[in-house]
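Per-entry structural report
Letter by letter, the chains look like this.
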Amino acid sequence: AQTVTQSQPEMSVQEAETVTLSCTYDTSESDYYLFWYKQPPSRQMILVIRQEAYKQQNATENRFSVNFQKAAKSFSLKISDSQLGDAAMYFCAYGLGGSQGNLIFGKGTKLSVKP
Amino acid sequence: EAGVTQFPSHSVIEKGQTVTLRCDPISGHDNLYWYRRVMGKEIKFLLHFVKESKQDESGMPNNRFLAERTGGTYSTLKVQPAELEDSGVYFCASSQAGGIEQYFGPGTRLTVT
């Protein structure tokens, strides 16, 4: 069965600094998708970034980038130039897409940003 | 474009009572998902609709939970009778046909006392 593990329940970063959130997963599939979702205190969860397993190039979205290591089954999120608005719960998720659309989530990492 | 909406935002009920949660997906999204997060644990998948049909309900905890999606539009999730362990945040998400990205609603926080 597929599992997603986020080993850091809480993280803290100074404003303008860089922080990396860890995520590992377990799967026997070769084609899948990985996601980082952000849930600010207001509770609406939004997609931050996604990675297709068949792509070797790491995904990047502005200040957010991932380090995808397929062999190691690792998918970390790097946030550069952290801003106060980045404070949130961050969830790593795995999915196969298609008819098996359900996502498997990690427990989440609570990120605090210090001014 | 309106996002995924859920109603109510918070519900407090007593054990043994019935509660119905509602989710309105983004217009035109065929796929609708229900997830639940119990305090301190992972967000867990409950079920997946494609239009009005249940594609996958493997995550439904037991027969006290009934989900419907009338006409392939909004969906309801009924819990009857509610138990203490049903407390948590219930999320709804939707995606386009063939789409990978799921758009989440704000969730309904259910407290069973």
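Residues numbered from 1 in each chain as written. Chains lettered and ligands numbered in written order. Predicted model: local features only at pLDDT ≥ 70, side-chain atom pairs only at ≥ 80, totals over all residues. Heavy atoms only, no water.

What follows deals with the interface of chain B and chain A. Quite often, the size of an interface is put as the accessible area lost when its parts meet. If you look at the interface, chain B gives 22 residues, while chain A gives 19 residues. The junction of chain B with chain A conceals about 1900 Å² of combined surface from both sides, 55% of it contributed by carbon and sulfur atoms. On the chain B side of the interface with chain A, the three residues burying the most area are B:I43, B:I100 and B:F104, jointly 33% of the side's total. Elements with a minimum of two residues in the side of chain B that touches chain A: β4 (31-37), β5 (43-50) and β6 (53-56) of chain B. (Contact = heavy atoms within 4.5 Å. Buried area = accessible area lost by both parts, 1.4 Å probe. Helix = DSSP H or I, 4+ residues; strand = E, 2+ residues; numbered from the N terminus.)

Attention now moves to the pairing of strand β9 (residues 74-79) of chain A. Residues and elements named next belong to chain A. The sheet contact formed by strand β3 (residues 19-21) and β9 spans three bridges and is antiparallel. When the bridges of β9 are listed, V19 appears paired with I79. Note: strand β8 (residues 64-69) against β9, six bridges, orientation antiparallel. Across the sheet, residue F64 finds its bridge partner in β9, namely I79. If you look at the hairpin formed by β8 and β9, you'll find four residues sitting between the two strands, and K73 has a positive phi there, around 55°. (Pairing = 2+ DSSP bridges.)

This part is about the pairing of β4(B). All names here are of chain B. Most of β4 sits inside the fold, with seven of its seven residues counted as buried. Here β4 shows a buried face lined by N31, Y33, Y35 and R37 and a second buried face lined by L32, W34 and R36. Of the strand pairs in this sheet, β4 and β5 are connected by seven bridges, and their pairing is antiparallel. Across the sheet, residue L32 finds its bridge partner in β5, namely F49. As paired elements, β4 and strand β9 (residues 88-95) share seven bridges and run antiparallel to each other. Across the sheet, residue Y35 finds its bridge partner in β9, namely F91. (Buried < 20%, exposed > 50% of the residue type's maximum accessible area, 1.4 Å probe, protein only.)

Attention now moves to the packing of aromatic side chains. Residues and elements named next belong to chain A. Using the criterion set out here, one finds 17 aromatic pairs over all chains in the structure. Centre to centre, the rings of Y32 and Y94 are 5.3 Å apart; their planes meet at 35°, and the pair counts as tilted. Of this pair, Y32 sits in the loop between β4 (24-26) and β5 (33-39) while Y94 sits in strand β10 (residues 88-97), and the two are 62 residues apart along the sequence. By relative accessible area, which is 3% here, Y32 ends up buried. Taking relative accessible area as the criterion, Y94 reaches 1% and is therefore assigned buried. (Phe/Tyr/Trp six-rings, centres within 6.5 Å; stacked < 30°, edge-to-face > 60°.)

With that settled, consider the sheet that holds strand β8 (residues 75-79) of chain B. Residue and element names in this part refer to chain B. The strand order across the open sheet built from four strands is β1-β3-β8-β7, with neighbouring strands paired in antiparallel fashion. Strands at the two margins of the open sheet, each flanked by one partner only, are β1 (5-7) and β7 (65-68). The mean angle between the axes of side-by-side strands here comes to 15°, regardless of whether they run parallel or antiparallel. (Axes fitted to C-alpha atoms, helices over the stretch in contact; angles between N-to-C directions.)

Another aspect to go through is the environment of B:L66. Residues and elements named next belong to chain B. Examined against the element boundaries, L66 turns out to sit in strand β7. By relative accessible area, which is 41% here, L66 ends up partly exposed. Separated by eleven residues in sequence, L66 and L77 have C-alpha atoms that sit 5.7 Å apart.

Enumeration according to the criterion identifies two disulfides over all chains in this entry. Paired by a disulfide, A:C23 and A:C92 hold their sulfur atoms 2.0 Å apart. Taking the torsion about the sulfur-sulfur bond, which here is approximately -70°, the covalent link between A:C23 and A:C92 counts as left-handed. Taken together, the positions of A:C23 in the loop between β3 and β4 and A:C92 in strand β10 put the pair 69 residues apart, joining distant regions of the chain. Comparing A:C23 with A:C92, the two get one shared label, buried. Here B:C23 pairs with B:C92 through a disulfide, and the sulfurs are 1.8 Å apart. Taking the sign of the torsion about the S-S bond as the criterion, the disulfide between B:C23 and B:C92, at about -60°, is left-handed. Of this pair, B:C23 sits in strand β3 (residues 19-24) while B:C92 sits in strand β9, and the two are 69 residues apart along the sequence. (Disulfide = S-S within 2.5 Å.)

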